[in-house]
Amino acid sequence: MSYQQTKYWSVDNIVDNLIESKEIQEAAAFLREGKLVAFPTETVYGLGASARSDEAVTSIFTAKGRPADNPLIVHISQQKDVYNFTKSVPEKAEKLMEKFWPGALTIILAHNGRLSTKVTAGLSTVGLRMPDHPVALALIEASGEPIAAPSANRSGRPSPTTAAHTAEDLQGRIAGIVDGGATGLGVESTVIDCSGELPIILRPGGVTQSQLEAVIGRVEVDQSLTEEAAPRSPGMKYKHYAPEAPLTLVDGDEDFFRSCVRKHKENGEKVGLILFPALASMEADAVYILSDNRIETTARELYSALRTFKKSEVDHILMQAVPADELGFAVMNRLVKAAGGRILTQ
């Protein structure tokens, strides 16, 4: 479905009685009518549709250009809503909900068939999340619907952390965009499968392994899924997060990074750089300098940085790798996918 004009609601400055605002009520009505509405969460902007409507969910895949065998996360506004869509909730899952909801944690559980099969891609499980963002919670509550919502971008592109990013990718493809300002975390939620005996992280994100283990004990990290395997989680299959120009990660010290930049320039390429402040003096055809060296800042600014570089301006983008621990594990997960696995190692 295409739209001559995508409706735009700005709610960034609404602080009182958000759920009763004209903007949220109109956007919620769109969702009840089966239309697609993008909205902010604390991680990235999501592209929402009623998770109970086959037609509405199918339109998500169409708008994004996303393969229909890639399952979607379902967003809810109250913890008790989990029990409406699952067969059972294990004790460990309940502990995680108590500790991390609302927040950047998606919990996979066995579903009871009350959601569209398009959401689950025919799987026996579903990923559920309660976002930690007032706009998201108000919109879900006002709609009265569980909301299926992958990131609000064209499939394969960097995820959107502003309404402008969403409009850049989906203007004319969706019914509306709720602008609640820039998102805070910047990378998607952690996905943990609690449907089996031992919880398994299927996608690293805003909640780290050590944080999870502090609450429920041992948690494994899935290492076995490949591009060819059937996806058990959103965000595990197909190309993701890619900027317009190819990205290569550089795993090495400053001298090695400079040598890699030099080689690309000697090959006649126009080079774009994503730099930490310590290397801000490096010259290139285009440069994005991160605000500081903290991994939290890298996570928050990553997708904006990747969207900065246009293919018409640079031939190649280079960025130093970050330590893959705690939140850095999630950042490197996204960077490796964005780079298509291209890493230069010292």
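Residues numbered from 1 in each chain as written. Predicted model: local features only at pLDDT ≥ 70, side-chain atom pairs only at ≥ 80, totals over all residues. Heavy atoms only, no water.

Things to note about the pairing of strand E3 (residues 45–50)
Thought 1: For E3, the tally of buried residues reaches 6 of 6 residues, placing the bulk of the element in the interior.
Thought 2: Pairing of strand E2 (residues 37–40) with E3 involves 4 bridges; the strand directions are antiparallel. Opposite Pro40, over in E3, you have Tyr45 as the bridge partner.
Thought 3: Here E2 hands over to E3 after 4 residues, the two strands then running antiparallel side by side.
Thought 4: As paired strands, E3 and strand E7 (residues 147–148) are joined by 2 bridges and run antiparallel to one another. In the strand pairing of E7, Ser50 is matched with Ile147. (Buried < 20%, exposed > 50% of the residue type's maximum accessible area, 1.4 Å probe, protein only. Helix = DSSP H or I, 4+ residues; strand = E, 2+ residues; numbered from the N terminus. Pairing = 2+ DSSP bridges.)

A closer look at the pattern of salt bridges
Thought 1: Under the definition given, this model contains 15 salt bridges.
Thought 2: Asp169 is the salt-bridge partner of Arg157, the closest N and O atoms lying 3.5 Å from each other. Residue Arg157 is found in the loop between E7 and helix H7 (163–170), and its partner Asp169 is found in helix H7; the two are separated by 12 residues along the sequence.
Thought 3: Taking relative accessible area as the criterion, Asp169 reaches 9% and is therefore assigned buried.
Thought 4: Bridged by salt links that share partners, the residues Arg157, Glu168, Asp169, Glu244, Arg307 and Lys310 form one connected network. (Salt bridge = Lys/Arg side-chain N within 4 Å of Asp/Glu carboxyl O.)

Quick notes on unusual backbone geometry
Thought 1: The omega angle of the peptide bond from Trp101 to Pro102 is -5 degrees, so this bond is cis rather than trans.
Thought 2: Here Pro102 is to be found in the loop between helix H4 (91–100) and strand E5 (105–110).
Thought 3: In this structure, Ala121 takes a positive phi of about 55 degrees despite not being glycine.

Quick word on the packing of H4 against helix H8 (residues 209–216)
Thought 1: Two elements in contact, H4 and H8, have axes whose closest approach is 9 Å; the angle formed by their N-to-C orientations is 120 degrees. Between H4 and H8, the angle falls in the class oblique. Between H4 and H8 lies a crossing of right-handed hand. Across from Lys92, Lys95, Leu96, Lys99 and Phe100 in H4, the residues of H8 making contact are Gln211, Leu212, Val215 and Ile216.
Thought 2: Broken down by class, the residue content of the contact of H4 with H8 amounts to 5 nonpolar, 1 polar and 3 charged. (Axes fitted to C-alpha atoms, helices over the stretch in contact; angles between N-to-C directions. Parallel < 35°, antiparallel > 145°, perpendicular 65-115°, else oblique. Left-handed = near helix turned anticlockwise from the far one by under 90°. Contact = heavy atoms within 4.5 Å. Nonpolar A, V, L, I, M, F, W, Y, C, P; charged D, E, K, R; others polar.)

Points about the packing of aromatic side chains
Thought 1: Going through the model one piece at a time under the given rule, you end up with 2 aromatic pairs.
Thought 2: For the pair Trp9 and Phe30, a centre-to-centre distance of 5.2 Å together with 80 degrees between the ring planes defines the contact as edge-to-face. Here Trp9, found in strand E1 (residues 7–10), pairs with Phe30, found in helix H1 (residues 22–32); they are 21 residues apart in sequence, far enough to count as distant. Neither residue differs from the other here; Trp9 and Phe30 are each classed as buried.
Thought 3: Between Tyr241 and Tyr303 the ring centres are 5.6 Å apart and the planes differ by 20 degrees, which places this aromatic pair in the stacked class. Residue Tyr241 is located in the loop between strand E11 (220–221) and strand E12 (247–251), and its partner Tyr303 is located in helix H10 (residues 295–308); the two are separated by 62 residues in the primary sequence.
Thought 4: A relative accessible area of 3% places Tyr241 in the buried class. (Phe/Tyr/Trp six-rings, centres within 6.5 Å; stacked < 30°, edge-to-face > 60°.)

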